[in-house]
Amino acid sequence: MSAVEAPARTAGADRGLGLRPALRAEWVKFRTVRGWLVGLGVAVLLCVLLTYLVANGIHSGTCTGTGVTCHSGHPTVPTGPNGEAVADSYRYLSRPLTGDGSLTAQLTSLSGRVSTNPVNVAPSPSATRPGLADWAKAGILLTPSTAPGSSYAAVLATGRHGIRFQYDYTHDRPGHGVPAAPRWLRLTRHGDTITGYESADGVAWHEVGVARLPGLPGTVRVGLFVTSPVSFHGRTGRPTQATAGFRHVTVTGETGGAWRSRGIGTGRADFYPILAAGGARITGDTAVLTGSGDIAPAVVQGVLGTNTPASTVLVGLLVGTVVLIVLATLFVTSEYRRGLIRTTLAATPKRGRVLAAKAIVIGAVGFATGALAAAVAVPVGDHILTGNGVYVFPAGVGTVVRVVVGCGLVTALTAVAVLALGAMLRRGAGAVTAGVVVFVLPYLIGASLPATAETWLFRVTPAAAFSVLGVLPRSSLVDYPYTFANGYYPLPPWAGLLVLAGYAAVALGAARLVMQRRDA
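Residues numbered from 1 in each chain as written. Predicted model: local features only at pLDDT ≥ 70, side-chain atom pairs only at ≥ 80, totals over all residues. Heavy atoms only, no water.

1. Focus on the environment of isoleucine 445
Test applied: What counts as a helix is a DSSP run of H or I of at least four residues, what counts as a strand is a run of E of at least two, and both are numbered from the N terminus. A simple rule labels every residue: compare its accessible area, found with a 1.4 Å probe on the protein chains alone, to the largest value its type can have, and call it buried under 20%, exposed over 50%, or partly exposed in between.
Its place among the elements puts isoleucine 445 in helix α9 (residues 441–446). The partly exposed category is assigned to isoleucine 445, whose relative accessible area is 36%. As for isoleucine 445 and leucine 457, which are separated by twelve residues in sequence, their C-alpha atoms are 9.4 Å apart.

If you want it as structure tokens, here you go:
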């Protein structure tokens, strides 16, 4: 052996095990303790069981979907072309249009009234005051069917958002920022393509938007419409009504049948709160329509509640997280209690490498446990709620996958952070208590705090990570108080996870410094 080789081998021995062997050693330690493996199973079972119990305790009679028969007094929530819950309530004055053609009209006026009673009080025509909702809408609408939830395209004026071209509930194109009325509007059909136009004088026209509605039948309905949504001031919503005047109504193309006035989605079996069903008056080429409701994505509007495929998982996730906090603490403090940490550090002298190996193992275990629990609990809760007649906001496969992965990341990051606390404190009881106080308690006390404090709590504490359970829809087309009390977290799901990741990173960094100075 040369003089150069000896120091190199000595230095390699001082470094001890590399990360991969250290990982293997930590995984063997974890899986050979039967009690810890049992604890993981208990965490999954508790999450699923509590989800079942929470869901089974919720009963209602709300139902959803076109063609679904509801019991008397229970509302139907329509489903849009893309499977989303939608509001589809308005007054419609229409006639058939076969093949290509167009409808042109001048919107001469748009005014409104607001109920002085909230949405949970029976509306009274006398209990109103003047007022036009910001998203009150009036204009021209084409649809293949008047069944709520049907595809559509419309060019319209709004209370405070100018001229718009909207289609299929979620798509919106702004006009040129001109006043809502008086204004000329035109909607043309060419095959499956619908184009909306606006004009100040009926001569010079500006295209507002174009939509393609696949599968349009040869004959559609085209006509005038008006609607006005619930107006919110704070958390109190009040139904509104809009009145629109039209002149110079002209249809080109093959038409058949007379104009027909109908309230769409304004019956007792429809969910959207309205001030009144409204009506229509026609005199020559002049029409006056009055209507209430909305054509937009459905958000929580009192009767819907806040039930989602993930809403019943929360209690189970919290309890499962507490179980993982205990396991993560024992994974490191048991070595200090039994003096085995000296053997571990002798095999791998680098404290950071030991901590990293333990963190990766407990993080992977935590992710698998949380994701598995959510993957079972979410469909269980959804099935029980639906069976109990409770309306559950629809969520796509991508959203459900995001919830499952998010739950796994919440439990993984929490386990890693508590492992770091255990490495610093070296005492199981203290680390478990600190973990519960820091990572679970903020959520438990959040709902009892004033709105401002509540919002900041779910922004800056680890409780922000529970935003992964938020699946209720938000829309810029709907004025609604998107507050925690209404089922909305102040941060998007991945932003909330980043907050928790930040806490875990700080805890790991502090634990590494403490171990280097104390466990030398």
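The rest of the description comes next.
2. Overview of helix α2 (residues 19–31)
Helical geometry note: an α-helix holds 3.6 residues per turn, so side chains three or four residues apart project in the same direction. Going by this rule: Multiplying one less than the number of residues by 1.5 Å gives the expected span of a helix. Summarising the geometry, the arc corresponds to the directions from the helix axis toward the C-beta atoms.
The first and last C-alpha atoms of α2 sit 18 Å apart over 13 residues, in line with the 18 Å expected at 1.5 Å per residue. The set of residues buried in α2 consists of Ala22, Glu26 and Phe30. In an axial view of α2, the angular spread of the buried residues amounts to 75°, which keeps them on one side of the axis. Of the exposed residues in α2, those oriented more than 90 degrees away from the buried face are Arg20 and Arg24.

3. Quick notes on the pattern of salt bridges
The line we're drawing: We count a salt bridge whenever a side-chain nitrogen from Lys or Arg sits within 4 Å of a carboxyl oxygen from Asp or Glu.
Enumeration according to the criterion identifies eight salt bridges in this entry. For the salt bridge of lysine 29 with glutamate 26, the shortest nitrogen-to-oxygen distance reads 3.1 Å. With lysine 29 and glutamate 26 both in helix α2, this residue pair falls three residues apart, about one helical turn. Judged by its relative accessible area of 3%, glutamate 26 is buried.

4. Observations regarding unusual backbone geometry
In this model, tyrosine 169 sits at a positive phi of 75°, which is unusual for a non-glycine residue. Structurally, tyrosine 169 is set in the loop between β8 (163–167) and β9 (171–174). Residues other than glycine seldom take positive phi values, yet histidine 248 does so here, at roughly 55°. As for its position among the elements, histidine 248 is in strand β16 (residues 240–255).

5. Digging into the confidence of the model for the protein
Stated precisely, the cut-off is as follows: Per-residue confidence from the prediction method is given by pLDDT, with values spanning 0 to 100. Contacts were defined at the residue level, with two residues in contact if any of their heavy atoms lie within 4.5 Å.
When pLDDT is averaged along the protein, the result is 86, and 89% of the positions lie at 70 or above. A low-confidence stretch, residues 1–14 (pLDDT under 50), is modelled with three contacts involving residues beyond four sequence positions or located in other chains.

6. With respect to the side chain of arginine 91
Selection rule: For this count, His and the chain ends are skipped, Lys and Arg are scored as positive, and Asp and Glu as negative. We call two N or O atoms a polar contact when they sit within 3.5 Å, provided that within protein one can donate a hydrogen and the other can accept it, with sequence-adjacent residues counted only if both atoms are side-chain atoms.
Checked against the element boundaries, arginine 91 lands in strand β4 (residues 90–115). Summary of buried charges: arginine 91 has no salt-bridge partner, and the nearest side chain of opposite charge, aspartate 270, is 11 Å away. Among the polar contacts made by the side chain of arginine 91, one reaches the main-chain carbonyl oxygen of glycine 278 at a distance of 3.1 Å. Leave out the neighbours within four places in its chain, and arginine 91 touches Leu224, Phe225, Val226, Ser261, Arg262, Gly263, Ala277, Gly278, Gly279, Leu289, Thr290 and Gly291.

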